[in-house]
Number of protein chains: 2
Amino acid sequence: MLGLIQEKQLLIHTLIDYAADYHGRTEIVTRTVEGPIHRYTYADARQRSKQLANALTRLGVKLGDRIGTLAWNTHRHLECYYGVSGLGAVLHTLNPRLFPEQIVYIANHAEDSYIFVDLTFVPLLEKVQDELKSVKGIVVMTDSAHMPQTTLKNVHCYEDLLAAESTEFEWPEFDEKTASSLCYTSGTTGNPKGVLYQHRSTVLHSFAACMGDCLGLTSRDAVLPVVPMFHANAWGLAYAAPMCGAKLVLPGKDLDGKSVYDLMADEKVTMSAGVPTVWLMLLNYMEEHGLGLPDMSRTVIGGSAAPASMIRTFETKYDVTVIHAWGMTEMSPLGTSGVMTKAIEQLPFEEQLPYKAKQGRVIYGVELKITDDEDNELPRDGVAFGNLLTRGYWITNGYFKGEGGNVLDNGNWFNTGDVATLDEDGFMTITDRAKDVIKSGGEWISSIDLENAAMGHPAVAEAAVIGIFHPKWDERPLLCIVTKAGKDVSKDDIMAFLDGKIAKWWMPDDVQFVDEIPHTATGKIQKTTLREQFKDYTLPTAQTAAD
Amino acid sequence: MLGLIQEKQLLIHTLIDYAADYHGRTEIVTRTVEGPIHRYTYADARQRSKQLANALTRLGVKLGDRIGTLAWNTHRHLECYYGVSGLGAVLHTLNPRLFPEQIVYIANHAEDSYIFVDLTFVPLLEKVQDELKSVKGIVVMTDSAHMPQTTLKNVHCYEDLLAAESTEFEWPEFDEKTASSLCYTSGTTGNPKGVLYQHRSTVLHSFAACMGDCLGLTSRDAVLPVVPMFHANAWGLAYAAPMCGAKLVLPGKDLDGKSVYDLMADEKVTMSAGVPTVWLMLLNYMEEHGLGLPDMSRTVIGGSAAPASMIRTFETKYDVTVIHAWGMTEMSPLGTSGVMTKAIEQLPFEEQLPYKAKQGRVIYGVELKITDDEDNELPRDGVAFGNLLTRGYWITNGYFKGEGGNVLDNGNWFNTGDVATLDEDGFMTITDRAKDVIKSGGEWISSIDLENAAMGHPAVAEAAVIGIFHPKWDERPLLCIVTKAGKDVSKDDIMAFLDGKIAKWWMPDDVQFVDEIPHTATGKIQKTTLREQFKDYTLPTAQTAAD
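Counting starts from 1 at the beginning of each chain's written sequence and moves along it residue by residue. Lettering for chains starts from A, numbering for ligands starts from 1, and both go in the order in which the items are written. At least 70 in pLDDT is required for a residue's local features to be given in this predicted model, at least 80 for side-chain atom pairs to be given and counted, and no such filter applies to totals for whole chains, interfaces and linings, which use all residues. Only hydrogens and water are set aside when side-chain values are computed; all heavy atoms of the structure are taken into account.

I keep staring at the overall build of chain A and nothing clicks. Help me out?
Along its length, chain A carries 17 helices and 25 strands. The C-alpha radius of gyration computed for chain A amounts to 25 Å, which stays within 12% of the reference 24 Å derived for 547 residues, consistent with globular compactness. The dimensions of chain A, computed from C-alpha atoms along their principal axes, are 80 × 65 × 50 Å. When accessible area is computed with a 1.4 Å probe and restricted to protein chains, residues below 20% of their type maximum are described as buried, those above 50% as exposed, and intermediate ones as partly exposed. Burial statistics for chain A: of 547 residues in total, 62% are counted as buried. Across chain A, contacts joining residues at least 24 apart in sequence account for 65% of those joining residues at least 6 apart. Per the convention used, a helix needs a DSSP run of H or I reaching at least four residues, while a strand needs a run of E reaching at least two, with both numbered from the N terminus. With the radius of gyration taken over C-alpha atoms, the globule rule is written as 2.2 Å times the number of residues to the power 0.38. By the convention used here, residues are in contact when the closest approach between their heavy atoms is within 4.5 Å.

Dropping the structure here:
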């Protein structure tokens, strides 16, 4: 027996409709790529999204067509979010920070039919346009006064396209599981793979994002997403803000400390979200100029782990609560959010800090579990760590066009590739990447914990730990160290320093001093390269064991 | 093209699973019907809900079977919410405050196969049990020590049933549109009609309830729903609290000021919800004993309009924010929530009050519009008022077994039967019931506004306005007044008092002094009876017009 409730599909256009109908005067403020501040309302944003949908229709765009964007966080990009998906086409946010050949690969793989591009990236697109196989035209996201001289073929001016269209457009109705947007994840091996979101998953994810235990967005917030709209839907903020009628402040291309600070102060921003690097620039700028952010109540830090010192500065110096969040492109992206329990909230700050440094607590809609290599679930005791698996309303079940094959374990769990602990209150802490954990005699050693311990030594600039083959234990840790300029330190010094800070059997079997530790484009340690570098190396303890 | 996201149905068992898995130590505290305080955790609640599901299975209950409850807000009733719906059966919450013959009608109409009953209502059930056509057995919600002597046939003891069962139970998977619960609405005409909720609508409604612009529930809250679990799902709190891991405090049968106050104070309740009558008892108790509620941050008032004086007392005397909410059983029930905008929040309290007295702002997931009698949409300007129509993810599309026929207008809008204004910021204000509005010469006069104006006169104890036939204007208002004991007042006094307070053409054509104004069981003015009483009455102005 089915319940007697109205049929209404969970479609993305309902978000902008809600904002326009019931928060129609609320502002969206953009620092444009052209320079000046642009200011309009949700009612305007819907009208223009509808004009865009009409323009796309005129260009022949149909349900399911992929429309690429190479764009910053602006009101025009927001209009693409609603105009493209609202029409039933697929918004494909390309990451302009990738190498040009990666962008070409991704746009061709996605078979993008049009690409919307900010002025900044016109030169990039000019260089690669002949390699783009499926692209029928390029739309430059500016007005006619700012249209550049360009070698781009089949080029359109965004504002001219819109100006020709009516603001009347009836959003089409279709299955809520219809693809709405596409975002490629680079990963560390193989080609980039596309995560294809649904209307349904996006709306459900927005609900979760608004919850008080996640981002806690409300109509009283002014939200500045520093996290780019080309990166996992700006962590969902471009959808969640209209869902609750929050004011949106979009920073465009200028993410330096002064630009972000000025916009936050001028627009009385209450909440923001971004990666640690951006916050470092902001904090430095504020420190240098003796500034504060009285309107700001909280900020979300994700993308990589937030250093404890950054959390402390935000909270104790600027009275800004840090929400340490974790997720993946494959998770839409939100999985956990570092909102404290009532009991923890009442502790002195330094006692809260270890909890704030965790990756956060599981939000409703996402399931997490940890398992050993035999797929046995491990206890949620905050101590046991294992492969982190996830399942839920907005978790991928496979990549676009079947890349990477079946990605779900039995029971439909998606393997995050992380190793983590879970505790009774829903806190998750990542202890390592699965491929980096050192498996010694059937027990696991966290490479990250070892690195963090070594980084505590005053002479160590950077540390990286990899597992090296060992005849008796399978693998044992090798600690690679870059010393600080002018500092002198020996293996024995390091071992003595670590002694007592970590379990005895976690002690590295050797320490190697290197000039440099290899990094990925996004600044993470590239352990594959490091392992390659040490492929012929033998641990001193391997000799002993073999004797 | 469909998105590539995991298939996961929106089922009610996911709520208790989430709470048990990630907030497993959070408490549910009940003042039991037997007397003592009962205390356990979400992990315990899930275990026992599973035992209940096993017990129901053993009793032969199958997908779609209706299971009645006649019960207060207790942990056992909560277990029914999850055990019954989780199994795929339909939780039918019967309202014990109805007349016994109504309860019989409803239980028979729903074809309840079992009824779960609190000790309080055993005598009631004993009296009517022979009239219940479909009931196979009764479960008394207590332990064996408290089992009463009873004439009930096929009677079971709740705790004995559970004790016999395993805590292992695999929740079945089924279509998310499957019926989950059933609640009858009495209305003012015809038989009670059943609203049949879905798993999907219930989960979506819970998401909305948790949002900061609705009830703003979080894991840091301790929630005491005074609103009964037999009344529109306790406004969704029995589902929303587990969704965010909030502590639940369940008051059982004792809703007097002292009982509610003690529980709030002892359990450090931060948020509550109920009808004005309950709050009046609580406020009186606090006033008499000079008490406060330092942990309480907000309370939801709904069911009927909250008097301004009550809002003022909560906010200015006790520092408890009032969230004035509006909805209907047919709406799951939440439609609007009186959370202020940032701009209003910054006004002095007395300037906020008119906004707080409105029915609240539209929440995402619900659409509201107002129309005239020709179905033309009216402007959202805060002035125009018309028939209030709604549409959305958790709005009924028809009553159980087709009672009342087609209830949707074209475009799938459900007519609430209210007359209201909407404004640009999403505020809705009910100005009247559609059947009570006075249609004078094609224009509408709000009976409620007239009543409120008349109630301002110091000699008036109660006022009611009905429309009376008028040969020229179709209808004109008649004001009926009950004077306060010992007060003397004339028609002319009243008219003089109203003059200038309302539009000239709204002035009642006559004032009649009556001994009593008829009320419904829930305390609302029964205008049908009043109209019946005045059916032979002729307005003095009708004579003039006819002359």
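Could you clarify how one ought to interpret the sheet that holds strand β5 (residues 112-117) of chain A in this entry?
Residue and element names in this part refer to chain A. The strand order β7-β6-β5-β3-β4-β8-β9 describes an open sheet built from seven strands, whose pairing is mixed. Each of the sheet's edge strands pairs with one partner strand only, and the pair in question is β7 (155-157) and β9 (193-198). Mean inter-strand twist for the sheet, computed between neighbouring axes without regard to direction, equals 25°. Bridge count for strand β3 (residues 66-70) against β5 is five bridges, and the pairing is parallel. Along β5, the bridge assignment pairs I67 with Y114. Sheet strands in contact with helix α4 (residues 100-110) are β3, β4 (90-93), β5 and β8 (179-185), and its direction is about 150° off that of β8. Between any two strands, at least two bridges found by DSSP are needed for them to pair. Between N-to-C directions, angles cover 0 to 180 degrees, with each direction set by a line fitted to C-alpha atoms, over the stretch in contact for helices.

Which parts of the structure should I look at to understand the confidence of the model for chain A?
The predicted coordinates should not be examined in detail at positions where pLDDT is low. Mean pLDDT over chain A works out to 94, with 98% of the residues at or above the 70 mark. Per the prediction output, this complex has pTM 0.92; the corresponding ipTM is 0.92. The predictor attaches a confidence to each residue, called pLDDT, with possible values from 0 through 100.

Any chance you could explain the pairing of strand β9 (residues 193-198) of chain B here in plain terms?
Successive residues of a regular strand alternate their side chains across the two faces of the sheet. Residue and element names in this part refer to chain B. Of all six residues in β9, six are buried, a share of seventy percent or more. Alternating positions in β9 separate into two faces, K193, V195 and Y197 on one and G194, L196 and Q198 on the other, with burial throughout. Summarising the sheet, strand β8 (residues 179-185) and β9 pair through six bridges and their orientation is antiparallel. Following the sheet pairing, A179 is matched in β9 by Q198.

What exactly am I supposed to notice about the relation of the copies chain B and chain A here?
One chain copy maps onto the other through a rotation about an axis and a shift parallel to that axis. At an RMSD of 0.1 Å, chain B and chain A line up after a rotation of 180° and a shift of 0.0 Å along the axis. Overall, the copies show the geometry of a two-fold rotation axis. Rotation axis and chain B: the residue whose C-alpha lies nearest the axis is M211 of chain B, separated from it by 2.5 Å. The overlap is high: 100% of the interface residues of chain B also sit at the interface in chain A, so the same surface is used on both sides. The copies are overlaid by a least-squares fit using only the C-alpha atoms of residues whose pLDDT is at least 70 in both copies.

Looking at this model, I keep getting lost on the pairing of strand β25 (residues 510-513) of chain A. Mind explaining?
All names here are of chain A. As paired strands, strand β24 (residues 474-483) and β25 are joined by four bridges and run parallel to one another. Bridge pairing links C480 to Q512 in β25. Think of it like this: strands point away, you trace from the first strand over the helix to the second, and a clockwise trace means the crossover is right-handed. Handedness of the β24-helix α15 (residues 491-498)-β25 crossover: right-handed.

Can you help me understand the pattern of salt bridges in this one?
Opposite charge on two side chains lets them pair, provided their charged atoms get close. Residues and elements named next belong to chain A. What counts as a salt bridge is simple: a side-chain nitrogen of Lys or Arg found within 4 Å of a carboxyl oxygen of Asp or Glu. Applying the stated criterion across every chain, the model contains 76 salt bridges over all chains. Between R48 and E159 there is a salt bridge; the shortest N-O distance is 2.8 Å. In this pair, R48 is assigned in helix α2 (residues 42-58) and E159 in helix α6 (residues 158-163), connecting sequence segments 111 residues apart. A salt bridge links E350 to R312, with the nearest nitrogen and oxygen atoms 2.7 Å apart. One end of the pair, E350, is in helix α13 (residues 349-356); the other, R312, is in helix α11 (residues 308-318), with 38 residues separating them in the sequence. Given the relative accessible area of 45%, E350 is considered partly exposed.

Looking at this structure, I do not really get the packing of helix α9 (residues 257-266) of chain A against helix α10 (residues 276-289) of chain A. What am I missing?
Each pair of packed helices can be summarised by the angle the axes make with each other and by the distance between the axes. Residues and elements named next belong to chain A. Where α9 contacts α10, the two axes come as close as 8 Å, and the packing angle between them is 80°. The angle between α9 and α10 places the two elements in the roughly perpendicular class. Between α9 and α10, the contacting residues are G257, K258, V260, Y261, D262 and M264 on the first element and W279, M281, L282, Y285 and M286 on the second. Any residue outside Ala, Val, Leu, Ile, Met, Phe, Trp, Tyr, Cys, Pro, Asp, Glu, Lys and Arg is labelled polar, Gly included; the first ten of those are nonpolar and the last four are charged. Partitioning the contact of α9 with α10 into residue classes produces eight nonpolar, one polar and two charged. Convention used here: angles under 35 degrees read as roughly parallel, angles over 145 as roughly antiparallel, angles from 65 to 115 as roughly perpendicular, and any remaining angle as oblique.

What's the story with the interface of chain B and chain A in this structure? I'm lost.
Interfaces are frequently sized by the accessible area removed from exposure as the parts join. Every contact between the two is made by 76 residues of chain B and, on the other side, 76 residues of chain A. Take the accessible area each of two parts loses on contact, using a 1.4 Å probe, and add the two losses: that sum is the buried area. Both faces considered, chain B and chain A share a buried interface measuring about 6600 Å² in area, 53% of it formed by carbon and sulfur atoms. Where chain B meets chain A, there are 14 salt bridges. The salt bridge partner of D425 of chain B is R25 of chain A, with a shortest N-O separation of 2.7 Å. Here a polar contact means two N or O atoms within 3.5 Å. Within protein one must be a hydrogen donor candidate and the other an acceptor candidate, and residues neighboring in sequence count only if both atoms are side-chain atoms. Counting the contacts that link chain B with chain A gives 53 residue pairs in polar contact (both at pLDDT 80 or more). Contributions of two or more residues to the side of chain B that touches chain A are made by α1 (13-22), β9, α7 (199-210), α9 (237-244), α13 (342-345), β16 (360-362), β17 (366-371) and β18 (386-392) of chain B. Residue contributions to the side of chain B that touches chain A peak at seven residues, all from α7 of chain B.

Explain the environment of D112 of chain A to me, please; I cannot follow it from the model alone.
Residues and elements named next belong to chain A. Tracing the backbone through its elements, the reader meets D112 in strand β5. Taking the C-alpha atoms as reference points, D112 and V90, 22 residues apart in sequence, are found 9.2 Å from one another. Not counting the four nearest positions on each side in its chain, D112 is found in contact with R66, I67, G68, H92, L94, A107, S134 and V135.

Is there a simple way to explain the sheet that holds strand β4 (residues 90-93) of chain B in this structure?
Paired through backbone hydrogen bonds, the strands of a sheet run either parallel or antiparallel to each other. Residue and element names in this part refer to chain B. One open sheet accounts for seven strands, arranged β7-β6-β5-β3-β4-β8-β9; its pairing is mixed. In this open sheet, the two edge strands, each paired with only one partner strand, are β7 (155-157) and β9. The sheet shows a mean angle of 25° between the axes of neighbouring strands, direction not considered. Pairing of strand β6 (residues 137-140) with β7 involves three bridges; the strand directions are parallel. Among the inter-strand pairings, V139 is bridged to a residue of β7, identified as H156.

Even after reading the chapter, I still don't get the domain arrangement of chain A, so can you show me in this structure?
For each domain, the first and last residues come from an automatic or database assignment. Each domain of chain A was delimited in the assignment, giving domain 1 (9-22 + 39-203), domain 2 (367-433) and domain 3 (438-546). Here the C-alpha centre of domain 3 of chain A lies 45 Å away from the C-alpha centre of domain 1 of chain A.

Before we go on, may I ask you to explain the packing of aromatic side chains in this structure?
Pairs of aromatic rings are described using the distance from one ring centre to the other and the angle between the two planes. A pair of Phe, Tyr and Trp rings is counted when the ring centres sit within 6.5 Å of each other, with Trp represented by its six-membered ring. The angle between the planes then sorts it: under 30 degrees is stacked, over 60 is edge-to-face, the rest tilted. In the structure shown here, the tally under the stated rule is 36 aromatic pairs over all chains. Within the aromatic cluster, the residues linked to one another by ring pairs are Y18, Y22, F207, Y364, Y393 and W394 of chain A together with Y18, Y22, F207, Y364, Y393 and W394 of chain B. Only when the NZ atom of a Lys or the CZ atom of an Arg is both within 6 Å of the ring centre and within 35 degrees of the ring normal do we say a charge sits over the ring. Above the plane of the ring of Y393 of chain B lies K8 of chain A, whose end atom (NZ or CZ) is 4.8 Å from the centre.

Would you mind going over unusual backbone geometry with me for this structure?
Peptide bonds are, in most cases, trans, and in most cases residues other than glycine have a negative phi. For the bond running from S332 of chain A to P333 of chain A, omega is 10°, close enough to zero to count as cis. When you line up the elements, P333 of chain A lands in the loop between β14 (321-327) and β15 (334-337). We note that N412 of chain A has phi near 65°; this positive angle belongs to a residue other than glycine. Tracing the backbone through its elements, the reader meets N412 of chain A in the loop between β18 (386-392) and β19 (414-422). Not every positive phi belongs to a glycine, and W235 of chain B is a case in point at roughly 50°. Along the chain, W235 of chain B falls in helix α8 (residues 232-235).

Teacher, can you tell me more about helix α14 (residues 349-356) of chain B here?
Each full turn of the α-helix corresponds to 3.6 residues, which orients residues three or four apart in the same direction. All names here are of chain B. Taken residue by residue, α14 has F349, Q352, L353 and K356 as its buried positions. The buried residues of α14 occupy an angular sector of 120° when the element is viewed end-on, so they sit on one face. On its buried face, α14 sits against α12 (308-317), β14 (321-327) and α13. Directions are taken from the helix axis to each C-beta atom, and the arc is the one they span.

Explain the nonpolar core to me, please; I cannot follow it from the model alone.
Buried together is how nonpolar side chains tend to be arranged in soluble globular proteins. By convention a nonpolar core is built from buried Ala, Val, Leu, Ile, Met, Phe, Trp, Tyr and Cys residues, the set being connected through side-chain atoms within 4.5 Å. Counting 190 residues, the largest nonpolar core has F116, F207 and L217 of chain A together with F116, F207 and L217 of chain B as its most contacted members. In this structure F207 of chain A touches M243 of chain A together with L204, F207, A208, M211, Y364 and W394 of chain B, once residues within four positions along its chain are discounted.

Any chance you could explain the state of the cysteines here in plain terms?
By definition, a disulfide is the covalent link that joins the sulfur atoms of two cysteine residues. The rule for a disulfide is simple: a pair of cysteine sulfur atoms within 2.5 Å. All chains considered together, the criterion is met by zero disulfides over all chains. Looking at C183 of chain A, it has no disulfide partner, and the nearest cysteine sulfur is the one in C80 of chain A, 15 Å off. No disulfide involves C244 of chain B; its sulfur sits 4.2 Å from the nearest other cysteine sulfur, which is in C210 of chain B. A residue is classified by how much of its surface remains accessible, and C244 of chain B, at 1% relative accessible area, is buried.

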